[in-house]
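Next come the chains, spelled out residue by residue.
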Amino acid sequence: SSQIVSFSHQPHQPHSTPASKEVWKKGGRMFSILLAVHLALLACTLVSSGAFEKIAVHDYDVFFLLTVMMLIVIVWIIFYLASTSRCPDAILCRDSHAGPIWLRGGLILFAIFSLVMDVFKIGYYSSFYSCLSAIKIIYPIVQAIFVVVQTYFLWLSAKDCVHVHLNVTRCGLMLTLTTNLAVWMSAVTDESVHKAHSKLKKNVTEDIFRWLLKAGMRSSSAEECNCNSQICQIFKNGYFWLYPFNIEYSLFASAMVYVMWKNVGRFIDHHSHHIHRLKFRLFRRTFFVGIMLGLIILVSGLGVLVLYEVQVNSSTESSKKSQALTMYYIFNIVCLGLMSLVCIGGSVIYRFDKRDMDRHKNPTRTLDVALLMGAALGQYAISYYSIVAIVASTPRDAISALNLTYALLMIAQHTFQNIFIIEGLHRQPPKEDHKHDSHQKDLYGLTFVNINAVSLRVPDSASTLAPSTAPGAEGICPAELGRSLTAPRKMNWRRKFLREISMFLLLSNIILWIMPAFGARPQFDNDTELNFYGDSMWPAIVDICLPFGIFYRMHAVASLLEVYI
């Protein structure tokens, strides 16, 4: 067995047989999975109960549970770092595929915005602390400490293959993963409730809104307190705008923790494990077509986002709302259509790629594929619900036609992009240009070669050599020389085109992440789905599925960076 399992701090047990080690490894994993499932169900029950009406579960009950979970995780992380630093045999090998630099860099970026969000939360709740429970202020403080400790832990230990305290480590990692998922569920719920209140406030007066709160409409306990000062409003609006970064941080951390959990007790064959180092070659050996086209899409998308926010959220005129929806759908149709075409082109280029498939065991790649396929299900669900509502509804107008085209292209783009990225993840890394045999190296060393002149001196048959030829030299025909001289150029064009495609997809996925993450959500503003499914069912569908679609875009960016950039 290539894996070692132990219940003590010793790296191995000499009297254990390979079969018993495998059984106990599965037993330790199963116990940690059961712990995570029970905690996740408990957190999900509290979070969902706090989001619905007429249930005696309040938001401070949810915050109390999350605070306790984060404190336990902080204590465990300190124990892990202390125990692994003191034991020389704790980490015998490291997974080079786990925690690449761009993933850890993205984690730090989201962590910084999450800390800013916690500062805004503390400032907001401190504005009227007298009418709130103390846990409302304690929770963002503990969450800020949790973000700092966990980010430091993942930056240092994301690649670890631990061989001490195996069962404790598995349970600790599963507890960390469950805590991040619980924080993610709480953030998604809070954001959805806030958007529902914001939409209701636009349609009713302040007095009616407060009457609805008292009549039983579910709200945050802070909604019942007065936030009249300008600084209080800034804090309130600020931390809700920063919720998408905290949501992405929790999902990124969960993915990295899961890979660490899979690597507990694992040994790695370094001969079959390719080490990838980040090389900043974005502007080397490229035609700039993908970068320029991607930047055009990115800048255009930012302009569409600003206009959409102004015309939909700041205006009550139906004509401006229709114009904003039309503009949004046209931009997304063009963007998704181009992305689908370039993904198909990339898959065609793979047919000419001579690289072998990488079939080595790789938990990071397995997780990447699972996350790409699983996160895409969220957008698939929204698209299919929209298709059914549009086809079954009457009458049909221009916006309905654009919405239908948008939904179909969204399904196609996710499918083609998944095929393109997953095929790249399973390819062997490209060989460097200088890695050729000795015969080709001699030919490539010629800076300027006149093939016609060479053909005058080298016989076509290459069967006889001149007496002056050095012993051991080989005859070279002009055709072979031409093929050898042009081999690097034929090998590089595929890599250049794949890089152009990946740069365009990377920038396009970034803008398609930014738009829904920062408020451009036509699912809530288009009346077709709302009228067909009702004001309760359709928002619930979007609130559940849309975060997965947003996470899909960021994970696609990370996968494109890992494979092609």
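Every value quoted in this text rests on a predicted model; they were computed, and no experiment measured them.

Novice: Give me the overall build of the protein chain: which residues, what numbers.
Specialist: Scanning the protein chain from N- to C-terminus turns up 17 helices and 2 strands. Out of the 565 residues belonging to the protein chain, those deemed buried represent 50%. For the protein chain, restricting intrachain contacts to residue pairs at least 6 apart in sequence, the fraction spanning at least 24 positions comes to 86%. When the accessible surface of the protein chain is split by element, carbon and sulfur atoms take 66% of a total near 27,600 Å².

Novice: Summarise helix H17 (residues 527–563); cite the residues concerned and give the values.
Specialist: The terminal C-alpha atoms of H17, which comprises 37 residues, lie only 41 Å apart, well short of the 54 Å expected from a rise of 1.5 Å per residue. Where H17 bends most, at Gly 534, the angle is about 115°.

Novice: An account of the nonpolar core is needed here, citing residue identities and associated values.
Specialist: Judged by nonpolar contacts, the single largest core of 134 residues is most densely connected at Phe 420 and Trp 513. The greatest single-element share of this core, amounting to 14 residues, is contributed by H17. What Trp 513 contacts, discounting residues up to four positions off in sequence, is Phe 110, Phe 245, Glu 248, Phe 518, Ile 550, Arg 553 and Met 554.

Novice: Tell me about the packing of aromatic side chains, and please be specific about residues and values.
Specialist: Taken as a whole, this structure holds 27 aromatic pairs when the rule is applied. Ring geometry for Trp 184 versus Phe 548: centroids 5.5 Å apart, planes at 70°, classification edge-to-face. Of this pair, Trp 184 sits in helix H5 (residues 166–203) while Phe 548 sits in helix H17, and the two are 364 residues apart along the sequence. The buried category is assigned to Trp 184, whose relative accessible area is 12%. Judged by relative accessible area, which is 34%, Phe 548 ranks as partly exposed. Consider the rings of Phe 245 and Trp 513, whose centres lie 6.0 Å apart with planes at 70°: the pair is edge-to-face. Pair noted here: Phe 245 is in helix H8 (residues 243–262) and Trp 513 is in helix H15 (residues 478–517), with a separation of 268 residues, a long-range link. For the residue pair Phe 245 and Trp 513, the accessibility class agrees, reading buried in each case. Three or more aromatic residues joined by ring pairs form one cluster here, namely Phe 110, Phe 113, Phe 245, Phe 252, Trp 513 and Phe 551.

Novice: Before we move on, could you go through a nonpolar patch on the surface and cite the residues and values that matter?
Specialist: Together, Ile 101, Ile 108, Ile 112, Val 116, Tyr 152, Trp 155 and Leu 156 give the surface a local cluster of nonpolar side chains, amounting to about 580 Å² of exposed area. Sorting the residues of the nonpolar patch by element identifies helix H3 (101–126) and helix H4 (135–157) as the ones contributing at least two each. Element by element, the count of residues in the nonpolar patch is highest for H3, at 4 residues. Position of Ile 112 among the secondary structure elements: in helix H3.

Novice: An account of the packing of H3 against helix H7 (residues 230–241) is needed here, citing residue identities and associated values.
Specialist: The geometry of H3 relative to H7 is characterised by a closest axis approach of 8 Å and an angle of 145° between their N-to-C directions. Here H3 and H7 pass one another in a crossing that is left-handed. Here Met 117, Phe 120, Lys 121, Gly 123, Tyr 124 and Tyr 125 of H3 come into contact with H7, specifically with Cys 232, Ile 234, Phe 235, Lys 236, Gly 238 and Tyr 239. Looking at the contact of H3 with H7, its residues break down into 8 nonpolar, 2 polar and 2 charged.

Novice: How would you explain the environment of Ser 502 if you had to name every residue and give the values?
Specialist: Assignment of secondary structure puts Ser 502 in helix H15. Linking Ser 502 and Gly 346, residues 156 residues apart in sequence, is a C-alpha distance of 8.9 Å.

Novice: Describe unusual backbone geometry, naming the residues involved and giving the relevant values.
Specialist: Unlike most non-glycine residues, His 165 shows phi in positive territory, near 50°. Given a relative accessible area of 23%, His 165 falls into the partly exposed group.

Novice: Provide a residue-level description of the side chain of Ser 32, including the pertinent values.
Specialist: Among the secondary structure elements, Ser 32 is positioned in helix H1 (residues 18–51). The class of Ser 32 is buried, set by a relative accessible area of 0%. At 3.1 Å, the side chain of Ser 32 forms a polar contact with the side chain of Trp 261. For Ser 32, the residues in contact, after removing those within four places along its chain, are Arg 170, Cys 171, Met 174 and Trp 261.

Novice: I'd like a description of the environment of Met 503, backed by residues and values.
Specialist: In this fold, Met 503 is placed in helix H15. Among the residues examined, Met 503 registers a relative accessible area of 8% and is labelled buried. Taking C-alpha positions, Met 503 is 5.5 Å from Gly 290, a pair spaced 213 residues apart along the chain.

Novice: Would you mind going over the confidence of the model for the protein chain in detail, with residue names and values included?
Specialist: Per-residue pLDDT for the protein chain averages 75, and the proportion of residues at 70 or more is 71%. Here helix H14 (residues 451–457) is the element of the protein chain with the lowest mean pLDDT, 40, and H4 is the one with the highest, 92. For residues 205–209, every residue scores under 50 in pLDDT, and the model assigns this stretch 6 contacts once sequence neighbours within four places are set aside. Confidence drops under pLDDT 50 across residues 432–476; counting only partners more than four residues distant or on other chains, this segment forms 40 contacts.

Novice: Go over the side chain of Ser 400, please, and point to the residues and values.
Specialist: When you line up the elements, Ser 400 lands in helix H12 (residues 398–425). Separated by 2.7 Å, the side chains of Ser 400 and Asp 397 make a polar contact. In this structure Ser 400 touches Ile 390 and Thr 528, once residues within four positions along its chain are discounted.

What counts, and where the lines are drawn
- Residues numbered from 1 in each chain as written.
- Predicted model: local features only at pLDDT ≥ 70, side-chain atom pairs only at ≥ 80, totals over all residues.
- Heavy atoms only, no water.
- Helix = DSSP H or I, 4+ residues; strand = E, 2+ residues; numbered from the N terminus.
- Buried < 20%, exposed > 50% of the residue type's maximum accessible area, 1.4 Å probe, protein only.
- Contact = heavy atoms within 4.5 Å.
- Areas by Shrake-Rupley, 256 points an atom, 1.4 Å probe, with all protein chains shown as cover.
- Expected span 1.5 Å × (residues − 1).
- Bend = angle between axes of the 7 residues up to and from the residue.
- Core = buried A, V, L, I, M, F, W, Y, C linked by side-chain atoms within 4.5 Å.
- Phe/Tyr/Trp six-rings, centres within 6.5 Å; stacked < 30°, edge-to-face > 60°.
- Patch = residues over 30% accessible without salt bridge, like charges linked within 9 Å, V, L, I, M, F, W, Y side chains within 5 Å.
- Salt bridge = Lys/Arg side-chain N within 4 Å of Asp/Glu carboxyl O.
- Axes fitted to C-alpha atoms, helices over the stretch in contact; angles between N-to-C directions.
- Left-handed = near helix turned anticlockwise from the far one by under 90°.
- Nonpolar A, V, L, I, M, F, W, Y, C, P; charged D, E, K, R; others polar.
- Polar contact = N/O pair within 3.5 Å; in protein donor to acceptor, adjacent residues only side chain to side chain.
- pLDDT = per-residue confidence, 0-100.

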